[in-house]
Amino acid sequence: MSVVRRALPEDAEEVLRLRQVMIDSLFASDPSIAWHGESLPTLRAELGEAEGDFTAFVVDHPERPGALACLVAGTIDYRIGKASDPQGRVGFVFSVATDPDARRRGYARACMTMLLEWFRERGARRVQLTASPEAEPLYVSLGFRPKPDPLLELAL
């Protein structure tokens, strides 16, 4: 198995490519990648921030030098504490993608394991994510449990 590593600023274009793979597989959305150019500078800056609240873990593609096989990205958010979580630090996994020709090799599990450790090291007591039906067995095997979701969203 390839080594999981933290994504670097020079991985930004490949990170966006894999994020697009995830978006295209989950949502009936505009397949345009025009937004990548606008996103790239911010993503590079975030990937270069070693102590920030965002990180991404990747696996290099074993057959395509310079390409990534897998991406897992997440953030830590602060929410006012409560009895079960006085520090109020919550991890959120928002992008998990494996290149179609590199699936079923354990890359997503290996990257998720690293991300979960990163959350633990930063004091997160809970981690949330939204799972596709195909990915749910992986997350359940890592200990995630379904919760009722009263989420509402407003686009500004």
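Conventions and cut-offs
- Residues numbered from 1 in each chain as written.
- Predicted model: local features only at pLDDT ≥ 70, side-chain atom pairs only at ≥ 80, totals over all residues.
- Heavy atoms only, no water.
- Helix = DSSP H or I, 4+ residues; strand = E, 2+ residues; numbered from the N terminus.
- Buried < 20%, exposed > 50% of the residue type's maximum accessible area, 1.4 Å probe, protein only.
- Polar contact = N/O pair within 3.5 Å; in protein donor to acceptor, adjacent residues only side chain to side chain.
- Disulfide = S-S within 2.5 Å.
- Pairing = 2+ DSSP bridges.
- Axes fitted to C-alpha atoms, helices over the stretch in contact; angles between N-to-C directions.
- Expected span 1.5 Å × (residues − 1).
- Contact = heavy atoms within 4.5 Å.
- Salt bridge = Lys/Arg side-chain N within 4 Å of Asp/Glu carboxyl O.

Asker: Which residues make up the side chain of Asp11, and what values go with them?
Answerer: Note that Asp11 resides in the loop between β1 (4-6) and α1 (12-26). Using a relative accessible area of 9% as the deciding quantity, one classes Asp11 as buried. A distance of 2.7 Å separates a polar atom in the side chain of Asp11 from a polar atom in the side chain of Arg5.

Asker: Tell me about the state of the cysteines, residues and numbers included.
Answerer: Following the criterion strictly, the structure yields zero disulfides and no others. Cys70 takes part in no disulfide bond, and the closest cysteine sulfur to it belongs to Cys111, at a distance of 4.0 Å. Note on Cys70: relative accessible area 0%, which makes it buried.

Asker: Could you give an account of the sheet that holds strand β2 (residues 54-60), with specific residues and numbers?
Answerer: With respect to topology, five strands assemble into an open sheet ordered β1-β2-β3-β4-β5, the strand pairing being mixed. Only two strands of the sheet have a single partner each, and these edge strands are β1 and β5 (126-129). Between one strand axis and the next, the sheet turns through 25° on average, direction left out of account. Sheet topology places strand β3 (residues 68-78) next to strand β4 (residues 89-98); nine bridges connect them, and they run antiparallel. If you follow Cys70 over to β4, its bridge partner there is Thr98.

Asker: Give a description of α1 that names residues and reports values.
Answerer: Here α1 is 15 residues long and its end C-alpha atoms lie 21 Å apart, about the 21 Å a rise of 1.5 Å per residue gives. Buried residues belonging to α1 abut α2 (35-47), β2, β3 and β4.

Asker: Give a description of the pattern of salt bridges that names residues and reports values.
Answerer: Going through the model one piece at a time under the given rule, you end up with 13 salt bridges. Residues Asp11 and Arg5 are paired through a salt bridge, measuring 2.7 Å at the closest nitrogen-oxygen approach. Take Arg5: its relative accessible area is 23%, and that puts it in the partly exposed class. As a salt-bridge pair, Arg89 and Asp53 come within 3.6 Å of each other at their nearest N and O atoms. Here Asp53 lies in the loop between α2 and β2 and Arg89 lies in strand β4, a separation of 36 residues in the sequence. Given the relative accessible area of 22%, Arg89 is considered partly exposed. Using a relative accessible area of 41% as the deciding quantity, one classes Asp53 as partly exposed. Shared partners join several salt bridges into a network, and the residues in it are Glu14, Arg17, Arg64, Asp99 and Asp101.

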